[in-house]
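# Breakdown of the fold
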Amino acid sequence: MYTQQVGLCKQIVREHYGPIVEAVVAVLAREGRLSLRQLVPRAKQTPRNVRQALAVLIQHGIVTHAMSKEGSLMVTYYSVCLKNILRLQRAGLYLALVEERMGSEGLAVFRTIMASGVSTIGNVCEVLGVAEMGKAAKLKFNAVVAKLVRDRYIIAVNTVDTITKADRIMQAEVSEVEKLTIPPTAKELLAIRRKILEREEEEYQSSNVVGIKRRASADISADHLSKLHMGADGRAVAFSSHGTGEQNGHSHANGEQQQVDSVDDKQFFRAYFDRLDVFLRNQQVVNYFTDKYNAGAGALLKAILRVTEQHTRTCRVKLSETVSSTQIFQHVSPDAPLVDAIDTSKDMFHQKYDASGNPVVEPSSKELSRERRSEIIFALLEVIHTDSSGIVAKVDERGTGQYRVNFERAAITLRERCVDALVHEKFGSVHARLLRVLRDKQKLDEKVVAQATMLPIAACRERLHDLALAGVIDTIEIPRSADRNPSRMFYLWYINSDKQMRSAMRFVYQAMSNVIERGAKEASARALLVAKTRRQDVIADPSLLTDGERKELQNLARIKQRLAVASVRLDSMLLVVYDTDPHSADLQLLQ
Amino acid sequence: MSRGRGRGRGDGNRREISALQTELQGKSIFNKNGEKSNGFPEYDIVAGRVASEEEKHIADLMEKFRAEMQSSVFCLQPPAPVRDVERYSDRYFKPAARQSLKGLKTDVRLFPDELHSELLKKSTKGKKTAVYSGNGLLDALKDAKDDDDDEGGDKSGSDADKTDKEDGDDELGDEDDEDDEEEGNDYLESYFENGEEDDLGDLDDDDGGGGGDY
């Protein structure tokens, strides 16, 4: 936990939930686990306000609770999860991602669930007015809801979900230990803890999704087939002829007895952000390959990652499932720009001519023949898996080959890229060059660094110390003699990854905090004008605003948009630096 | 007179030169002729990358979500301060009534018991409400009288079939009439007691009877 992180979280909570909730979060972030009795005097709020604030925070998954026995009493302790507060700042990215994959209906459902924290599909239907929709719109809505649940964009809520994870794990451990007749050894205890964590993974990977009820419908005859409609994903969706309270989802049209998915109306759901972080991280990997090579390589990576997405639960997964090149070929989008992606001719300078002597022009990507398409894809795969980053690795050489994505390597590559951009922005190109040299050569003396970067020794020393002050690089001492005399030591400069990431995170948190503060400052400078726009007479008749006032409001809207875009870019950096770091998995374990 | 020996105060010709003076070497730290000094060094501000349409769309979605949260029931605001002066804008600015958390459709099992009071509406079912029963007071008075008079107890038993409310209302009505009568007159009772009403004959007569004086 960093000071800048806590400051940022307080600002985010104040923006979304108001000053009362902010006061409660500030105390929990500063002091840690507290009971209600301890929280009230520290938050300087009335007991009723504190209870309401805690209810709001639990509803949105920001605070968890756990019972603890103190003497003869059972006391409830509350803990705050800063990671879920930071996710509020990523709302725009999540909503855009859902809109791209699920359409406007999916966006409406997801946004409603996200805004209310926890909600049933029945409540969502009430809010969105599904009952007034037409038949076709209702079917489409039902299909989208089933897809959101099946693909785990939204996940069913259990009563244990709001209990602090550390307490849950401890209780599970205690119950496992109680089953043993003798106290466990250290190895047995480790095995128990691993088993508890694996159980959670198994529940996720099981094919039974909580909230989806699969029932076998009657054989579909020709009459029934006419009632099948096309769902949002292009597959057939069965029309419900049953009573209210049940919604039909996706059906597998195989002509025989069909399995029809339905979503439980009374089950509570919440947005599953870990899964969405995986999609955003994959998008960053695609962007990396697009920038490094071309759009065709990016499209190929996108296909590979789409195949592996089903089994990738969170960003902590280090290796993906193996994917065959046939699967990749099937998942590449038909309009992927493959034509100019790679030159597969033996002589790259040779220009093909037709019989009349005109140069041969390649057809567009959609018009490519199957053979030509597979030729390009296999050539691109060869280039991608030999990339220096090591993100895509070829696992099996048999047949057309099996590939696997190394997410750990992807996280390291993305982080390095992010830090290079930060250093370049903050210090300049010379400092960025120094950093790249140190990354390539590992540990170097300052004289060698000066030679490698072609800088005078004094300038090199000054810049190295700038980077060391910022926490980007560090020194390691190598003594020449046994007495470790400082004047006779070698000081080598190197990159300490953990320290570098921590300083990068602090920088990003501070920058995001500055953006929010700037937005508040700009809004407060025009507070009277904004208050005027909220008056009922002005809402009814906008001509009451003068030209100058309208211009100022447009200026404010433009400033807000620029700040929001800056916030989105910074949050993308935070996703790369923090959420995708496999080493932070241990820190995230208890969150 | 010292000739450079020792470190006493010495002669007045010798002046001590401070380090600041040697550094300045005659330069003045104040600007001459009102020259403007650069408060900040020259810095080439690079304009940021122009936002793409996708980024603008994401920013719009984020702003809409934030506005939705600020207008929702989850945004707890302290009560507005009481206005001492009525302003013109108060006529046109009426803040929307905020919903209470008690109307929230959520799973109460997710919350600890001590927070249920903020989420659940107070139910009046099954709660015994104190209904005024005038007959209860009447019964209490009559029971007290029953100890002396048996007929009072029979009467209360026969009155048990009647509705309590009617009796209560009657009792109340009678009491009200009596109160009205009493309130209309400041001179309710004679506060001057001249002893006419006192029957002092009982004091000396052991029989307590009404025999005349001889």
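Quick notes on the rules
- Residues numbered from 1 in each chain as written.
- Chains lettered and ligands numbered in written order.
- Predicted model: local features only at pLDDT ≥ 70, side-chain atom pairs only at ≥ 80, totals over all residues.
- Heavy atoms only, no water.
- Pairing = 2+ DSSP bridges.
- Helix = DSSP H or I, 4+ residues; strand = E, 2+ residues; numbered from the N terminus.
- UniProt positions renumbered as here; feature names shortened; annotations may be inferred.
- Axes fitted to C-alpha atoms, helices over the stretch in contact; angles between N-to-C directions.
- Parallel < 35°, antiparallel > 145°, perpendicular 65-115°, else oblique.
- Left-handed = near helix turned anticlockwise from the far one by under 90°.
- Contact = heavy atoms within 4.5 Å.
- Nonpolar A, V, L, I, M, F, W, Y, C, P; charged D, E, K, R; others polar.
- Expected span 1.5 Å × (residues − 1).
- Buried < 20%, exposed > 50% of the residue type's maximum accessible area, 1.4 Å probe, protein only.
- Arc of directions from axis to C-beta.

### Regarding the sheet that holds strand 5 (residues 154-156) of chain A
All names here are of chain A. Taken together, 3 strands build an open sheet; the order of strands is 4-11-5 and the sheet is antiparallel. At either margin of the open sheet sits one strand with a lone partner, and together these are strand 4 (119-120) and strand 5. By the bridge criterion, 3 bridges tie strand 5 to strand 11 (residues 268-271) in an arrangement that is antiparallel. Bridge assignment links I155 to a residue of strand 11, and that residue is R270.

### Focus: the UniProt feature "domain: RNA polymerase III subunit RPC82-related helix-turn-helix" (unreviewed entry) in chain A
According to UniProt, the feature "domain: RNA polymerase III subunit RPC82-related helix-turn-helix" (unreviewed entry) maps to residues 8-64 of chain A in the numbering used here. In this annotation, residues 8-64 of chain A is assigned 77% helix and 7% strand; the end-to-end C-alpha distance for the span is 20 Å.

### Comments concerning the packing of helix 6 (residues 91-116) of chain A against helix 7 (residues 121-128) of chain A
Residues and elements named next belong to chain A. It is at 10 Å that the axes of helix 6 and helix 7 come closest, and there the two elements cross at 110°. Considering their axes alone, helix 6 and helix 7 lie roughly perpendicular with respect to each other. Of the two elements, helix 6 crosses helix 7, and the hand of that crossing is right-handed. Contact with helix 6, carried on its side by A108, V109, T112 and I113, involves V124, V127 and L128 of helix 7 and no other residues of that element. Here the contact of helix 6 with helix 7 is composed, by residue class, of 6 nonpolar, 1 polar and no charged.

### Brief notes about helix 19 (residues 457-469) of chain A
All names here are of chain A. Look at helix 19: 18 Å from first C-alpha to last across 13 residues, which is about the 18 Å you get at 1.5 Å a residue. Every buried residue of helix 19 is listed here: A459, C460, L464 and L467. All buried residues of helix 19 fall inside an arc of 130° around its axis, so they share one side. Every exposed residue of helix 19 that faces more than 90 degrees away from the buried side is listed here: A458, E462 and L469.

### Comments concerning the sheet that holds strand 2 (residues 63-70) of chain A
Residues and elements named next belong to chain A. Pairing in this open sheet of 3 strands is antiparallel, and the strands run 1-3-2 from one edge to the other. Whereas interior strands pair on both sides, the edge strands pair on one side only; in this sheet they are strand 1 (34-35) and strand 2. With 2 bridges connecting them, strand 1 and strand 3 (residues 73-80) associate as antiparallel partners. In the sheet register, L34 faces strand 3, and the bridge partner there is Y78. Running over the sheet, helix 4 (residues 47-59) touches strand 2 and strand 3 and is turned about 115° from strand 2.

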